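Coordinate inspection notes
If you want the building blocks of each chain, they are given just below.
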Amino acid sequence: MSATATPELKNSGLQGQVAGKTAICAVNQTELIYRGYEIADLAANATFEEVAYLLLIGAKPSASELASFKKELIAERQLPALVTEVIRKTATLPNAVPMDILRTAVSVLGHLDPQCQDVSKEADLAKAKRLTAKIPTIIGHMQNVIDGRDIVEPDPSLDHAANLLYMMTGTKPSAEAAHVMDVSLVLYAEHDFNASTFTTRVIAGTLSDMHGAVAGGIAALKGPLHGGANEAAMDMLKEIKVDTASGTMNVEQWMQRAFTEKRKLMGFGHRVYKNGDHRATILNDLGRAVAEKQGPDSTKWFDMGDQVQAIMLRDKNIFPNVDFPCGMTYFVMGIPVPQYTPIFVASRITGWAAHIIEQHSNNKLIRPIAEYVGPTNLRWK
Ligand SMILES: CC(C)(COP(=O)(O)OP(=O)(O)OC[C@H]1O[C@@H](n2cnc3c(N)ncnc32)[C@H](O)[C@@H]1OP(=O)(O)O)[C@@H](O)C(=O)NCCC(=O)NCCS
């Protein structure tokens, strides 16, 4: 629940302000580029491992560079026993949600990492690879514990996205499911100075360590105004389905009620993209293709999503962001809703780590100033 706003404390949220320089990513209405490559090109032609290499190392890998990078990731997938134990314990706590369990597990990984306190470029890169490799395993083990199944260990024969899906279920995914997951990881990998990445840079800017910065990034990403929107968008569609199932209300009426209540619709709007999110159409098309193969029980979500999107555009001129199709896509793939944002982390870890390395290598403490609007001239005695 949010507190009542105080008018004199209304903030711009730094909207439109340049807060620093980066050579990693550019986000604007006409393009989204990772180190010079356009997102549609990467989504169509690059794998997640290639994009991870591009972001972390700074250039497209050669075939041999990619092969050794993949080998390094596969070799680092296993979790220390203590981390699995912590996942087991925290997953049964009444207030623990998957994003919090993931945050705690990343903190524990920091305690066990021999280079935890080393903020040199070499140490940061080694830790970035370890975190990229291990975060899917944290998600998989956590889902195994939640489902009450034996822990599914990583399968070295599977690529990153396929292995993530496999560890969550114990079943090898279809080629299509692995591909859709892979593309979603490519789309989520990086997005310049978004809230969570900026958080990681602020933490890294004090010369604090990568695991701490990533734990902060996870906390920032969890919120429904940021990464948590992919879960919230699907929860909203489920709510619309329940409310319209009785026949007393249709989607149009549900939306008009939401507008009257001044409700924020999850998976819509964006701080930078005011005319559409480059990533949303790519994921919507892939998700709908999965749904169409499954039949009407799956396509109904995309049909409802189309209606919601059309009404938002007609009445509010607000476009969906990537989290809206992501919610529906992961849902028809059978992924439990509370794992959508942890999966976002499994991708964004590469962008965060690239920014932490960039910040540490070109460091200047991030410390803006505030405009004071509080009382003055008060006396204690
Ligand atoms: C992402 C978000 C925080 C960006 O916010 P922002 O740049 O600060 O823009 P604002 O929230 O000030 O929105 C501007 C206007 O559009 C409206 N608006 C923006 N997103 C909206 C949404 N999802 N549903 C309904 N109205 C929305 C606001 O109410 C505001 O209207 P007003 O000027 O009449 O008050 C915002 O669009 C949002 O909350 N979206 C839902 C959460 C979400 O999907 N987050 C994932 C982002 S990738």
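Here's what I pulled together on the structure shown here. Model, not experiment: these values are computed from the prediction. (Residues numbered from 1 in each chain as written. Predicted model: local features only at pLDDT ≥ 70, side-chain atom pairs only at ≥ 80, totals over all residues. Heavy atoms only, no water.)

1. Considerations on the packing of aromatic side chains
Counted under the stated rule, the structure contains 6 aromatic pairs. Centroid distance Trp 301 to Phe 331: 5.2 Å. Interplanar angle 70°. Geometry classified as edge-to-face. With a gap of 30 residues between them, Trp 301 in helix 14 (residues 296-316) and Phe 331 in helix 15 (residues 323-332) connect regions that are remote in the sequence. Overall, the relative accessible area of 7% leaves Trp 301 in the buried class. Between Tyr 330 and Tyr 340, the ring centres sit 5.4 Å apart and the planes meet at 75°, which makes this aromatic pair edge-to-face. Placement of Tyr 330 in helix 15 and of Tyr 340 in helix 16 (residues 340-361) is noted, with a sequence separation of 10 residues between them. Note on accessibility: Tyr 330 and Tyr 340 belong to one class, buried. A cation over an aromatic ring shows up here: Lys 316 above the ring of Phe 259, its NZ or CZ 4.9 Å from the ring centre. (Phe/Tyr/Trp six-rings, centres within 6.5 Å; stacked < 30°, edge-to-face > 60°. Helix = DSSP H or I, 4+ residues; strand = E, 2+ residues; numbered from the N terminus. Buried < 20%, exposed > 50% of the residue type's maximum accessible area, 1.4 Å probe, protein only. Lys NZ or Arg CZ within 6 Å of the ring centre and 35° of its normal.)

2. Focus: the packing of helix 4 (residues 81-90) against helix 6 (residues 121-147)
As a packed pair, helix 4 and helix 6 sit with axes 9 Å apart at the nearest point and diverge in direction by 40°. With respect to their mutual orientation, helix 4 and helix 6 come out oblique. Where helix 4 crosses over helix 6, the two elements pack in a sense that is right-handed. Seen from helix 4, the contacting residues are Thr 84, Ile 87 and Arg 88; seen from helix 6, they are Ile 138, His 141, Met 142 and Val 145. (Axes fitted to C-alpha atoms, helices over the stretch in contact; angles between N-to-C directions. Parallel < 35°, antiparallel > 145°, perpendicular 65-115°, else oblique. Left-handed = near helix turned anticlockwise from the far one by under 90°. Contact = heavy atoms within 4.5 Å.)

3. A word on the nonpolar core
Tyr 34, Ile 135, Ile 138 and Met 181 are the most contacted members of the largest nonpolar core, which totals 102 residues. Ranked by residue count, the leading element in this core is helix 16, at 11 residues. In terms of domain composition, this core takes at least three residues from each of domain 1 (39-222 + 342-361) and domain 2 (229-332). Once residues lying within four places of it in the same chain are set aside, the contact partners of Ile 135 are Leu 102, Val 106, Val 345, Ala 346 and Ile 349. Counting 6 residues, the second-largest nonpolar core is a separate cluster that includes Val 152, Ala 162, Met 167 and Ala 178. (Core = buried A, V, L, I, M, F, W, Y, C linked by side-chain atoms within 4.5 Å. Domains from an automatic or database assignment.)

4. A short note on the site of the ligand
In the vicinity of the ligand lie 18 residues, with Lys 264, Leu 265, Gly 267, Phe 268 and Arg 271 positioned nearest. Residue Lys 264 places a side-chain N or O atom 2.8 Å away from an oxygen atom belonging to the ligand. Contacts to the ligand include Phe 268, whose backbone N or O atom sits 2.8 Å from a nitrogen atom. Calculation on the ligand without its partners gives an accessible area of 850 Å², and the protein chains cover 63% of this total. Its residues assigned to classes, the shell around the ligand shows 8 nonpolar, 5 polar and 5 charged. (Near = heavy atom within 4 Å. Polar contact = N/O pair within 3.5 Å; in protein donor to acceptor, adjacent residues only side chain to side chain. Areas by Shrake-Rupley, 256 points an atom, 1.4 Å probe, with all protein chains shown as cover. Nonpolar A, V, L, I, M, F, W, Y, C, P; charged D, E, K, R; others polar.)

5. A word on the pairing of strand 2 (residues 31-34)
Here strand 1 (residues 25-28) runs beside strand 2; their pairing, made up of 4 bridges, is antiparallel. Pairing of Val 27 across the sheet is with Leu 32, part of strand 2. Counting the residues that bridge the hairpin from strand 1 to strand 2 gives 2 residues. Bridge count between strand 2 and strand 3 (residues 37-38): 2 bridges; the pairing is antiparallel. Looking at strand 3, one finds that Ile 33 is bridged to Glu 38. A loop of 2 residues connects strand 2 with strand 3, the two strands running antiparallel in sequence, and Arg 35 in this loop sits at a positive phi of about 45°. (Pairing = 2+ DSSP bridges.)

6. Things to note about the pattern of salt bridges
Opposite charge on two side chains lets them pair, provided their charged atoms get close. In total, this model carries 21 salt bridges according to the counting rule given. Of the charged contacts, one joins Arg 130 and Asp 113 as a salt bridge, the two residues approaching to 2.9 Å between their closest N and O atoms. Taken together, the positions of Arg 130 in helix 6 and Asp 113 in the loop between helix 5 (98-112) and helix 6 put the pair 17 residues apart, joining distant regions of the chain. Take Arg 130 and Asp 113: they sit in the same class, and that class is buried. The partner of Arg 279 in a salt bridge is Asp 277, and the shortest N-O contact between them spans 2.7 Å. Comparing Arg 279 with Asp 277 shows no difference in burial state: the two are buried. In this structure, a network of salt bridges that share partners links the residues Arg 288, Glu 292, Asp 303 and Asp 306. (Salt bridge = Lys/Arg side-chain N within 4 Å of Asp/Glu carboxyl O.)

7. Notes on empty space enclosed by the protein
Counted according to the given criterion, the structure contains 1 cavity of 30 Å³ or more. Put simply, the largest cavity is a space of about 40 Å³. As for the largest cavity, its lining consists of Glu 49, Lys 70, Leu 73, Ile 74, Arg 77, Leu 158, Asp 159 and His 160. In terms of residue count, helix 3 (residues 63-75) provides more of the lining of the largest cavity than any other element does, 3 residues in total. Considered class by class, the residues forming the lining of the largest cavity number 3 nonpolar, 1 polar and 4 charged. (1 Å grid on protein atoms, 1.4 Å probe; cavity = no way out; pocket = protein on both sides within 12 Å on 5 of 7 lines; lining within 4 Å. Points joined across faces, edges and corners; volume = space filled by probe spheres on them.)

Interpretation note: all reported values are geometric properties and have no functional meaning in isolation.
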